[in-house]
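# Descriptive structure summary
The chain contents come next:
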Amino acid sequence: MSEISGSLYDQIGGAPTVTKLVNHFYNLVAKDPDLKPIFPDDLTETKEKQTLFLTQFLGGPTLYTDTHGHPMLRARHLPFPVTAKRAGAWLLCMEQALQCANIEEPLRQIIFDRLTLTAHHMINQWDEETGSPS
Ligand code: HEM
């Protein structure tokens, strides 16, 4: 029985690991000076949605879509100013959270790389003069 078969979700240990990851992540977000201002003070609902989303993103059950419909993640982020700086801060929190949740290599790097692509796709605010991500 190979230990490297199955979805990323199964390989990291399923629901308990995703819950740990999300809790660590939002504890860091709540302390981050760049991210804190654009998130609600009460992160309960945000955490619930992210748990559903990451479950699905990692190849587990399609909980987010079943509950909230198509993720349309970029569109759902448009009300919030996502700058390159905030994407970097988001990824730094996630990098730490992946470690705190004891997700081992190489899975940690595979997941982080996929999240990096998605985070860059979320950037929706650019420097007006240079056109580079602000
Ligand atoms: C690039 C930096 C990012 C920033 C600054 C950011 C910020 C935010 C903010 C402010 C919200 C709204 C929170 C709320 O009102 O509850 C949100 C929601 C959400 N974010 Fe992000 N986000 C980023 C990247 C990502 C990435 C990479 C993912 C997925 C891998 C993601 C997944 C989600 C999900 C699933 C929601 C909930 C959407 C909903 O159903 O309303 N975000 N994000």
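Residues numbered from 1 in each chain as written. Predicted model: local features only at pLDDT ≥ 70, side-chain atom pairs only at ≥ 80, totals over all residues. Heavy atoms only, no water.

### Some thoughts on the side chain of Arg86
Its location among the elements puts Arg86 in helix H6 (residues 84–100). The side chain of Arg86 is buried and forms no salt bridge, while Asp34, the nearest opposite charge, is found at 5.8 Å. Apart from the residues lying within four places of it in its own chain, the contact partners of Arg86 are Asp34, Leu35, Ile38 and Pro81. (Helix = DSSP H or I, 4+ residues; strand = E, 2+ residues; numbered from the N terminus. Buried < 20%, exposed > 50% of the residue type's maximum accessible area, 1.4 Å probe, protein only. Lys, Arg positive; Asp, Glu negative; His and termini not counted. Salt bridge = Lys/Arg side-chain N within 4 Å of Asp/Glu carboxyl O. Contact = heavy atoms within 4.5 Å.)

### Overview of H6
With 17 residues, H6 ought to run about 24 Å at 1.5 Å a step, and its terminal C-alpha atoms sit 24 Å apart, in line with that. Within H6, the full set of buried residues consists of Arg86, Ala87, Ala89, Trp90, Leu91, Cys93, Met94, Ala97 and Leu98. Tucked inside the fold, the buried residues of H6 contact helix H2 (15–29), helix H3 (44–57) and helix H7 (107–122). Just downstream of H6 lies Asn102, where phi reads positive at about 60 degrees. (Expected span 1.5 Å × (residues − 1).)

### As for H7
Taking 1.5 Å of rise per residue, the 16 residues of H7 would be expected to cover 22 Å, and the 23 Å separating its terminal C-alpha atoms lies within 8% of that figure. Looking at H7, one finds that the buried residues are Leu107, Ile111, Phe112, Leu115, Thr116, Thr118, Ala119 and Met122. Each element contacted by the buried residues of H7 is listed here: helix H1 (8–12), H3, helix H5 (73–77) and H6.

### Describing the site of the ligand
Around the ligand lies a shell of 20 residues, among which Thr46, Lys49, Tyr64, His77 and Trp90 are the nearest. The contact in question runs from an oxygen atom of the ligand to an N or O atom on the side chain of Tyr64, over 2.5 Å. Separating a nitrogen atom of the ligand from a side-chain N or O atom of His77 is a distance of 2.8 Å. Breaking the shell around the ligand down by element, the ones donating at least two residues are H3, H5, H6 and H7. (Near = heavy atom within 4 Å. Polar contact = N/O pair within 3.5 Å; in protein donor to acceptor, adjacent residues only side chain to side chain.)

### What about the packing of aromatic side chains?
Counting across every chain of the model gives five aromatic pairs. Between Phe25 and Tyr26 the ring centres are 4.8 Å apart and the planes differ by 75 degrees, which places this aromatic pair in the edge-to-face class. Among the residues examined, Phe25 registers a relative accessible area of 0% and is labelled buried. The buried category is assigned to Tyr26, whose relative accessible area is 3%. Aromatic pair Phe53 and Tyr64: ring centres 5.8 Å apart, planes at 85 degrees, arrangement edge-to-face. Linking Phe53 in helix H3 with Tyr64 in helix H4 (residues 63–68), this pair joins segments that are 11 residues apart in sequence. Residue Tyr64 is classed as buried on the basis of its relative accessible area, which comes to 5%. Following the ring pairs from residue to residue traces out a cluster consisting of Phe25, Tyr26, Phe39 and Trp90. Sitting over the face of the ring of Phe57, Arg114 holds its NZ or CZ atom 4.3 Å from the ring centroid. (Phe/Tyr/Trp six-rings, centres within 6.5 Å; stacked < 30°, edge-to-face > 60°. Lys NZ or Arg CZ within 6 Å of the ring centre and 35° of its normal.)

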